Amino acid sequence: RPLLGSIRVHSGRAPRLLWCRAPRPPARSRRTCRGMMDQLEQSDDEEQDFLDIATSRSSPGPPPFVAMNGGAAVRTSQAPMAPGGVSPLGLHFSGGTAGASSTSSGSAGGGAGMMMLSWRDGRFSDWPVQVEDKTYSLHAFILARASTFFEKHMDMATRKEAEGGPLSKRGSDLTEVLPHSCHSAFEDALDFIYSANQAGFEAQASKALLLLKIADILQIEGLFCAMGRRIEASFAEMAPLLLEQYCRFHIPGTDDGAALRQIRDGAVDLIVRKFQPFLANPEMRTALLRLPAQVLAEVLEEENLLVDSEDAVYDFVAGRLQVAREGDAGASASCSMAGGLGSDTASAGGQALAADKAEGSECTDDDRADLLWHRVRWAHLSAGKFAQALAPGYRLLSPEVALHALTERAARLDLGGVEAFAPLRPQPAPTPARRPILPPGVPAPTSTEIDFCFHFSRAEQYNCGDALRSQPKRIGDVVLRVLVFPAGTDTGVARGSLSVFLEAVPQAHWPRDWEFANIRYAISCIRWPTGSGETWAAKRKSDLWTFKANRLDRGWHDFLAPGEIHRYLGPDGFVCLRGQLEPECLARTFLLSSQAGSGSYPGPNGEAAASSASRRSWAPRTSGLPAGPE
């Protein structure tokens with residue numbers, strides 16, 4: 001039966017608590033209580049000294065809860081009315097610290113005033129778990145509740161004891177059960193198992209796949225689902241990290257299951273499609289440098305590898321091999337020769353070497369280096385990088401790789417036809433260029449057009465005066481390329497402007513007074529579509545110029561104003577430029593026809609073209625390859 005009332009009697013002494021409750025009292029007692037309540041309801045002024053302990057003059061209402069704390073009555077929040085309009089007593093137990101409840105990391109269980117179990121302090125533990133030389137004092141019930149592996153292990157131990165067999169040491173040894181690379185993530189798995197809020201558990205991206213592997217082996221369904229959601233939500237941003245974690249625990253020749261195999265194949269495919277954007281992220285670049293040589297070779301041999309030029313592949317391979325050889329902080333200094341991969345790559349040296357050894361193959365370091373160098377498409381490498389690779393002082397290539405690079409380069413020039421390579425067995429097959437980067441719907445360049453793409457991840461990526469050049473292209477006798485200053489030239493234009501020029505590349509067989517007169521050219525910056533149904537567009541500028549030995553290039557220092565470049569960035573951060581010669585001047589691209597004088601015109605909208613910051617005179621090169629480091 002519900003409580004009839006709670007009353008504090010005021011008699012000049014300590015207050016006493018009176019109540020009437022079931023079982024059903026005698027009729028006289030009921031009449032006494034009811035009479036007492038009727039008297040209290042009749043005189044509000046007299047009852048304010050001893051009526052219910054929570055109601056004030058300004059807030060009339062039903063009696064509050066009364067909690068028993070060490071034998072003393074304390075006020076609590078107002079209680080809901082029970083059926084019949086009478087309030088319940090609402091007694092609360094407060095053992096220990098009143099109202100205390102804690103939910104700390106690495107603890108399980110809980111409630112007001114309840115001690116939380118933790119794997120960190122080992123209190124009340126009854127199941128030790130060994131991982132290498134470290135022992136964790138854990139709780140059997142919590143482990144069995146979360147993991148089918150532990151539940152079956154404990155069942156076996158209990159059954160053996162019940163059958164009267166020899167008593168074995170209680171506990172589990174996971175040293176050989178979990179892959180060695182997963183040992184560092186085991187404590188994160190314990191944090192999840194003991195967490196009072198598993199739905200809000202978050203793991204580092206660098207351990208997500210390791211935790212998924214632990215969950216798969218120990219059959220922790222909750223952790224497996226949580227890491228699956230974590231990986232799925234951030235897969236596009238952390239594919240190199242996931243592949244690096246997979247390679248750490250994968251044993252060649254074994255099957256890790258459909259889920260992990262799907263993650264591995266998906267990560268490789270995504271890295272191929274976003275290779276250079278991943279290189280622009282320091283954390284992802286470090287993860288790529290840690291990958292085994294066999295996996296990197298699989299990535300680099302893809303024709304659809306997303307790079308703006310073959311130079312990016314060369315720089316990456318050179319940096320990967322350099323940090324793998326040195327494996328210390330000094331590797332970053334020598335990496336500057338191989339494309340300036342940055343100081344954070346030095347920390348990847350030891351992991352890269354360990355990853356190569358973990359492949360389980362008998363390949364030597366030289367074999368792995370040759371495997372990666374053979375993935376560089378030497379026929380499409382820039383002249384500067386090619387000369388650097390063959391420079392004796394650098395010693396980047398083995399004799400076999402150097403011969404392979406020279407053969408590919410010569411095959412592209414087609415010197416003498418097939419008979420020039422008849423002594424070589426097998427004869428080299430022509431290596432195609434990587435898939436070009438173009439916005440959807442843009443036609444491929446014609447024989448008089450030169451395309452150039454470069455990656456622009458942030459404004460601070462380039463310094464003022466840093467120059468990028470496209471691969472040269474021969475049109476008639478003239479050889480041209482696109483010259484770009486992503487952060488502008490130091491000529492007085494606004495800092496951060498995009499400067500673009502068309503540059504002639506002198507050839508050794510040209511006469512000293514060579515010139516190509518009255519060449520009408522144009523440069524376009526192609527804008528990527530930003531929405532459904534939108535087509536590509538371009539900003540185009542044109543000019544007339546005579547290219548000669550002391551006038552190698554012509555273009556615009558402020559082709560794009562500061563901040564305007566972001567309107568032309570593709571979804572992966574690439575900027576696409578196209579230089580072209582007008583068909584009307586093709587007859588003047590041959591040396592025998594280049595007898596006319598020079599000229600220029602201001603261009604559309606009064607935008608005058610100009611040469612780049614350096615006006616260089618040209619003379620045939622007398623020295624060969626660049627000297628190596630001192």
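Per-chain numbering applies: the sequence of each chain, read as written, is numbered from 1 onward. With the structure being a predicted model, the display of local features is reserved for residues of pLDDT at least 70 and the display and counting of side-chain atom pairs for 80 or more, all residues being used for whole-chain, interface and lining totals. To obtain the side-chain values, all non-hydrogen atoms of the structure were included, while hydrogens and water were left out.

It is worth spelling out the overall build of the chain at this point. Note on conventions: DSSP H or I runs of at least 4 residues are helices, E runs of at least 2 residues are strands, and numbering of each starts at the N terminus. Counting its secondary structure elements, the chain contains 17 helices and 18 strands. Whether a residue is buried, partly exposed or exposed follows from its accessible area with a 1.4 Å probe, protein chains only, as a fraction of its type maximum: under 20%, in between, or over 50%, in that order. Buried residues in the chain amount to 42% of all 630 residues. Long-range contacts, defined here as pairs at least 24 residues apart, represent 65% of the contacts in the chain between residues at least 6 apart. Accessible areas in this description were obtained via Shrake-Rupley with a 1.4 Å probe; residue shielding takes into account the shown protein chains only. Carbon together with sulfur atoms contributes 52% to the accessible area of the chain, which is approximately 32900 Å² in total. A contact between two residues is defined here by any heavy atoms of the two lying within 4.5 Å.

Another point: the sheet that holds strand E7 (residues 127-131). When DSSP finds two or more bridges between a pair of strands, those strands are recorded as paired. What the three strands build is an open sheet, ordered E8-E7-E9; its pairing is mixed. Each having just a single partner strand, strand E8 (134-138) and strand E9 (172-173) make up the two edges of the open sheet. Where E7 lies against E9, two bridges are found, and the strand directions are parallel. Each residue of the ladder has a partner; that of glutamine 130, found in E9, is aspartate 173. Sheet strands touched by helix H4 (residues 148-162): E7 and E9. Its angle to E7, the strand with the most contacts, is close to 120°. Axis lines are fitted through C-alpha atoms, for helices just across the contact stretch, and the angle between N-to-C directions can take any value from 0 to 180 degrees.

Below, the discussion takes up the environment of glutamate 584. Tracing the chain through its elements places glutamate 584 in the segment after strand E18 (574-581). Exposure remark for glutamate 584: the relative accessible area of 54% places this residue in the exposed category.

Attention shifts here to the pairing of strand E14 (residues 498-504). Within E14, seven of the seven residues are buried, which leaves it mostly tucked inside the rest of the structure. The alternating pattern of E14 places Leu498, Val500, Leu502 and Ala504 on one face and Ser499, Phe501 and Glu503 on the opposite face, and all of these are buried. With five bridges connecting them, E14 and strand E17 (residues 553-560) associate as antiparallel partners. Following the sheet pairing, valine 500 is matched in E17 by tryptophan 556.

Attention shifts here to the packing of aromatic side chains. In this scheme Phe, Tyr and Trp rings, the latter by its six-membered ring, pair at centre separations within 6.5 Å, and the angle between planes marks the pair as stacked below 30 degrees, edge-to-face above 60, and tilted otherwise. In total, this model carries 20 aromatic pairs according to the counting rule given. With a centroid separation of 5.9 Å and an interplanar angle of 50°, the aromatic rings of tryptophan 514 and phenylalanine 516 are classed as tilted. Residue classification places tryptophan 514 among the buried positions, given a relative accessible area of 2%. Through a chain of ring-to-ring contacts, the aromatic side chains of Tyr314, Trp373, Trp378 and Phe386 assemble into a single cluster. Only when the NZ atom of a Lys or the CZ atom of an Arg is both within 6 Å of the ring centre and within 35 degrees of the ring normal do we say a charge sits over the ring. Here lysine 541 stacks its cationic end above the ring of phenylalanine 559, 5.2 Å away from the centre of that ring.

Before going further, it helps to spend a moment on the state of the cysteines. Two cysteine sulfur atoms make up a disulfide if the distance between them is within 2.5 Å. If you walk through the whole model with that rule in mind, you get zero disulfides. No disulfide involves cysteine 525; its sulfur sits 8.1 Å from that of cysteine 576, the nearest cysteine.

Pairing is antiparallel in the open sheet, where four strands are placed in the order E10-E18-E15-E16. The outermost strands of the open sheet, each flanked by one partner alone, are strand E10 (449-455) and strand E16 (537-548). Across this sheet, the average inter-strand angle for adjacent strands is 20°, counted without regard to direction.

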